[in-house]
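Observations on the model geometry
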Amino acid sequence: MSKVIKNGTIVTADLTYKADVKIEGGVIVEIGPDLQGDETLDATGCYVMPGGIDPHVHLEMPFMGTYSADDFESGTRAGLAGGTTMVVDFCLPAPDQSLLEALQMWDNKSTRANCDYSFHMAITGWNERIFDEMKTVVQDKGINTFKHFMAYKGSLMVNDDEMFASFSRCAELGALPMVHAENGDVVAAMTAKLLAEGNNGPEGHAYSRPPEVEGEATNRAIMLADMAGVPLYVVHTSCEQSHEAIRRARQKGMRVYGEPLIQHLTLDESEYFSKDWDHAARRVMSPPFRNKQHQDSLWAGLQSGSLSCVATDHCAFTTEQKRFGVGNFAQIPNGTGGLEDRLPMLWTYGVATGRLTMNEFVAVTSTNIAKILNIYPKKGAILVGADADLVVWDPKRSKTISASNQQSAIDYNVFEGKEVTGLPRFTLSRGVVTIEESTIKTQEGHGQFVKREPFQAVNKALSTWKELVSPRKVERTGIPASGV
Ligand code: DUC
Ligand code: ZN
Ligand code: ZN
Ligand code: ZN
């Protein structure tokens, strides 16, 4: 059974042109004019783009005494409804749990996924077993990214010695380290001070994590990566201080990638000053929303290429879960949703406003991350042989975002009331139509794990510490006898 997407305009990260796309066996088999197949999908007036890849989601994540409310079924259904055809979740071992044992748990949860997926492995402690298991994770399990939390002191956080050891191991294995860059010691101190002074409302969350906390950690992680001789991926870059560090490193020739979230691009810190406790708490995530100057910096980074991709950090909690933090903002589960809204919001606030071209939109929602994760052109491309993970995008379809008709399992939406123009007409996962306008045709369990190969050895340290990483022994003469 073949399918042809007819009469559309193909938009990739570098080209815009009119052609039909023929699909068979889940992959693209032909691109050209006037193609015929067993089934036709009409793309008149639409753009045919690589489906979105969200490199940063937390589905059914054990966190802050609970589990994030969207699991692999509802989360991937939400993604597909918004044109996202692949997600990358984080496997989170408990600090002394085996990486492979944790991976087994994530494998079990993800069998329900409606679209393809992969995992990043978190390093939440350090010992010889973790050192050994990292090799199996990369070489046998097809995971080439390791995440490090520089915040969440006392649970997920790793210290500099652990990070440096893990970054160095990544360099040996051809893996890419990632960081959640916030100085966890400073956050803990500021949190304790705010609470002691009686500032226990959700706005305290934002006060406890100012941009400097993120800028410091980003700079530190970049320097550690440089000393270890490895590229670096900075998740949820939310502010100018962090962006500046990434820009500077890239200018020096380092491969450092920054990932703004759609929430930080479009929502600001005034949300935390709502008189409605629930409204503010529902928007508590780390890093917190920032002011307009930081938003401008993030948009500029996407335009100039100093920031690489737009994600969601989708980690949805219900209002009931958020209320664990009444009387103590530090107990509000951190996280917001966004999987269904990332593409429509970025199109509306980015492409329709003229900030981004359509090709840049494809680059930052799909192609760039496919290249960074080493899955291009299987994903992120419209090429013969690529997976038919496609979105037929109708730039005229619009809706008002509302929790009342979303796929996510939670009872609110941080973008509630926003008008978006630009929505999928069809979303295809390996050639299967999963969304047709507002009709959901997803199939639980259709999603497959995508293996990612290690990178070539391109990890050359730039820093002057290089010599200390590979010491050169100096032969000396005239050494005085000891005890003289
Ligand atoms: N930040 C969040 O807001 N939620 C999940 C984890 C994180 O780092
Ligand atoms: Zn994070
Ligand atoms: Zn996250
Ligand atoms: Zn299937």
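Scroll up for the structure.
Please read all numbers here as calculations on a predicted model, not as lab measurements. (Residues numbered from 1 in each chain as written. Chains lettered and ligands numbered in written order. Predicted model: local features only at pLDDT ≥ 70, side-chain atom pairs only at ≥ 80, totals over all residues. Heavy atoms only, no water.)

Before going further, it helps to examine the overall build of the protein chain. The number of helices and strands found in the protein chain is 15 helices and 20 strands. The globule rule puts the C-alpha radius of gyration for 484 residues at 23 Å, and the 23 Å found for the protein chain is close to it. With the principal axes as the frame, the protein chain shows a C-alpha extent of 95 × 55 × 40 Å. Expressed as a percentage of its 484 residues, the buried residues of the protein chain come to 61%. In the protein chain, 76% of the contacts between residues at least 6 apart in sequence involve partners at least 24 apart. If the 47 positive side-chain charges of the protein chain are averaged to one point and the 60 negative ones to another, these points end up 4 Å apart. (Helix = DSSP H or I, 4+ residues; strand = E, 2+ residues; numbered from the N terminus. Rg over C-alpha atoms; globule rule 2.2 N^0.38 Å. Buried < 20%, exposed > 50% of the residue type's maximum accessible area, 1.4 Å probe, protein only. Contact = heavy atoms within 4.5 Å. Lys, Arg positive; Asp, Glu negative; His and termini not counted. Charge placed at Lys NZ, Arg CZ, Asp CG, Glu CD.)

Quick look at the side chain of His 56 now. Note on placement: His 56 falls in strand β8 (residues 52-57). Residue classification places His 56 among the buried residues on the basis of a relative accessible area of 0%. Only 2.9 Å separates the side chain of His 56 from the side chain of Glu 259, close enough to count as a polar contact. Residues in contact with His 56, not counting those within four places in the same chain, are Val 88, Phe 90, Lys 147, Val 235, His 236, Glu 259, Ala 311, Thr 312, Asp 313 and His 314. (Polar contact = N/O pair within 3.5 Å; in protein donor to acceptor, adjacent residues only side chain to side chain.)

Right, let's talk about the nonpolar core for a bit. In terms of nonpolar packing, the biggest core is built from 112 residues, with Phe 146, Phe 167, Val 179, Leu 232, Tyr 233 and Leu 346 touching the most fellow members. In terms of residues, this core owes the most to one element, helix α14 (residues 358-372), which gives seven residues. Those residues in contact with Phe 146 that sit more than four places away from it in its chain are Met 121, Ile 123, Met 134, Val 137, Val 138, Cys 170, Ala 175, Leu 176, Pro 177 and Met 178. Membership of the second largest hydrophobic core comes to 19 residues, among which are Ile 5, Ile 10, Ala 19 and Val 433. (Core = buried A, V, L, I, M, F, W, Y, C linked by side-chain atoms within 4.5 Å.)

Right, let's talk about the coordination of the zinc ion (ligand 3) for a bit. Coordination of the zinc ion (ligand 3) by the protein is provided by His 56 (NE2), His 58 (NE2) and Asp 313 (OD), with metal-donor distances spanning 2.0 to 2.2 Å. Read from N- to C-terminus, the donor residues coordinating the zinc ion (ligand 3) fall into the pattern H-x1-H-x254-D. The metal-metal distance between the zinc ion (ligand 3) and the zinc ion (ligand 2) comes to 3.5 Å. Of this pair, His 58 sits in the loop between β8 and β9 (62-63) while Asp 313 is found in the loop between α11 (292-304) and α12 (319-322), placing the two residues 255 residues apart along the sequence. (Donors = N, O, S within 2.8 Å, 3.2 Å for Na, K, Ca; no water.)

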